[in-house]
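So the chains spell out like this:
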Amino acid sequence: MASGDCASCHAEPGEAEPFALVESGAEDMCLGCHDEDEVAPAGVHDPVADGGCLDCHSPHGSTRPALLRQPSRTLCAECHDDVEDML
């Protein structure tokens, strides 16, 4: 996204469905470029395993590291009670 390479995730204008996603699910989409060890170094995180990459990441609008939707402590605390131990 940062490099402006929209075609890495979206069909290019002029194709049958311009801007349609090139993969059907977030997991296939994200893991097409990112190694699983990179996105889940401590093991596969449940949202990743369920194809919910977009639960935590906003590829079009985030200015945070890793394109997180919110600051990491806030985001992780939505599902985890032990955030201080995690970060």
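Scoring rules and cut-offs
Residues numbered from 1 in each chain as written. Predicted model: local features only at pLDDT ≥ 70, side-chain atom pairs only at ≥ 80, totals over all residues. Heavy atoms only, no water. Helix = DSSP H or I, 4+ residues; strand = E, 2+ residues; numbered from the N terminus. Buried < 20%, exposed > 50% of the residue type's maximum accessible area, 1.4 Å probe, protein only. Areas by Shrake-Rupley, 256 points an atom, 1.4 Å probe, with all protein chains shown as cover. Patch = residues over 30% accessible without salt bridge, like charges linked within 9 Å, V, L, I, M, F, W, Y side chains within 5 Å. Salt bridge = Lys/Arg side-chain N within 4 Å of Asp/Glu carboxyl O. Lys, Arg positive; Asp, Glu negative; His and termini not counted. Charge placed at Lys NZ, Arg CZ, Asp CG, Glu CD. pLDDT = per-residue confidence, 0-100.

(A) Seen up close, the overall build of the protein chain. The helix and strand tally for the protein chain stands at 5 helices and 0 strands. Taken across its 87 residues, the protein chain has 17% of its residues classed as buried. When the accessible surface of the protein chain is split by element, carbon and sulfur atoms take 51% of a total near 6,400 Å².

(B) Examining a negative patch on the surface more closely. Taken together, the side chains of Asp35, Glu36, Asp37 and Glu38 present a region of like negative charge at the surface. In this structure, glutamate 36 sits in helix 2 (residues 36-39).

(C) Representation of the confidence of the model for the protein chain within the structure. Of all residues in the protein chain, 80% have pLDDT values of 70 or greater, and the mean over the chain is 77. Considering each helix and strand of the protein chain separately, the mean pLDDT is smallest for helix 5 (residues 83-86), with a value of 64, and largest for helix 4 (residues 72-77), with 85.

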